[in-house]
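If you want the building blocks of each chain, they are given just below.
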Amino acid sequence: EPVATTAPADVLVLDGDDTAREQLCTLLTAFGFRTHPVQSTMQAVRMLMAKRYAAAFLNIIFDGSAAPAAHDLCSRVKAPPPHADDAPCALIIVTGSARPVERVRAELAGCDAFLLKPVSRGAVAQALEACGVPLPIDSRRS
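Below or above, wherever it landed, is the structure these notes cover. For every chain, the first residue of its written sequence is number 1, and the numbers climb from 1 along that sequence. Totals for whole chains, interfaces and linings use all residues, but because this is a predicted model, local features are given only for residues with pLDDT of at least 70 and pairs of side-chain atoms are given and counted only at 80 or more. Remark: hydrogens and water are excluded; side-chain values derive from all non-hydrogen atoms of the structure.

**Side note on the overall build of the protein chain**
1) Next: Secondary structure elements are defined from DSSP: runs of H or I of at least 4 residues count as helices, runs of E of at least 2 residues count as strands, and each element is numbered from the N terminus. Looking only at helices and strands, the protein chain has five helices and seven strands in total.
2) Next: Against the globule reference of 14 Å for 142 residues, the protein chain gives a C-alpha radius of gyration of 14 Å, in line with a compact fold.
3) Next: Projected onto its principal axes, the C-alpha positions of the protein chain cover 45 × 35 × 25 Å.
4) Next: Taken over 142 residues, the protein chain has a buried fraction of 39%.
5) Next: Pairs of residues are marked as contacts when any of their non-hydrogen atoms sit within 4.5 Å. Pairs at least 24 apart in sequence give 63% of the contacts found in the protein chain among residues at least 6 apart. Using C-alpha atoms as the atom set, the radius of gyration is obtained and then compared with a globule rule of 2.2 Å times the number of residues to the power 0.38. To sort residues, take the accessible area from a 1.4 Å probe on protein chains only and compare it with the maximum for the residue type: under 20% means buried, over 50% means exposed, and anything in between is partly exposed.

Encoded structure:
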């Protein structure tokens, strides 16, 4: 039986594709996170204004007319926490595009990790750990 290492942490999941969003939320819930799924950049901005998250998984586009909104959303995620003892929010970009330019654009926007779809359980766990976000339920430590 997996052991809970910490209290559940909140994560924001933005993906316009219902199936992809639900799959990632299911995976994160299995890790012990409380997920907050959203379908649009505007919904994500409202959620980020309302509370702090341990991580934000964003499927956004850094090209064309969507670029300004994508960069604004990343800036909101990476804004300094209101309290000095709060951990910063990890920004994890999830995309179906393997083009190197996408990774560069994401890094310039401040992303902490970059995942290609379809995401695996291991890739999500590694990305969170690389960002310093512990898994609330970690079956490897049971």
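So much for the structure itself; the text now carries on.
**With respect to the sheet that holds strand E4 (residues 55–58)**
1) Next: Taken in spatial order, the five strands make up an open sheet running E3-E2-E4-E5-E6, and their pairing is parallel. Each having just a single partner strand, strand E3 (34–38) and strand E6 (113–116) make up the two edges of the open sheet. Recorded for the sheet is a direction-independent mean angle of 20° between the axes of neighbouring strands.
2) Next: Pairing between strands is defined by DSSP: at least two bridges between the two strands are required. Pairing geometry for E4 and strand E5 (residues 90–95), over four bridges, is parallel. Residue pairing for E5: alanine 56 is matched across the bridge by leucine 91.
3) Next: In the packing of helix H1 (residues 18–30) onto the sheet, the strands contacted are strand E2 (10–14), E3, E4 and E5, and the crossing angle to E3 comes to about 170°. The axes are straight lines fitted to the C-alpha atoms, using for helices just the contacting stretch, and the angles between their N-to-C directions are given from 0 to 180°.

**Some remarks on the pairing of E6**
1) Next: Here four bridges tie E5 to E6, and the two strands are oriented parallel to one another. Residue valine 94 lies in a different strand from E6, and its bridge partner there is leucine 115.
2) Next: Throughout, right-handed denotes a crossover for which the path from the first strand over the helix to the second runs clockwise when the strands point away from the viewer. In this region the chain leaves E5, passes through helix H4 (residues 100–108) and returns to the parallel neighbour E6; the handedness of that crossover is right-handed.

**Here's the deal with the packing of helix H2 (residues 41–50) against helix H3 (residues 67–77)**
1) Next: Viewed as axis vectors pointing N to C, H2 and H3 meet at an angle of 15°, and their least axial separation amounts to 10 Å. In this view, H2 runs roughly parallel relative to H3, as classed from their interaxial angle. The hand of the H2/H3 crossing is left-handed. Contacts from Thr41, Ala44, Val45, Leu48 and Met49 of H2 reach H3 at Ala69, Asp72, Leu73, Arg76 and Val77. Oblique is the label for any angle not covered by the other classes, which are roughly parallel (under 35 degrees), roughly antiparallel (over 145) and roughly perpendicular (65 to 115). It is the rotation of the near helix from the far one that decides the hand of a crossing: anticlockwise by less than a right angle makes it left-handed, clockwise makes it right-handed.

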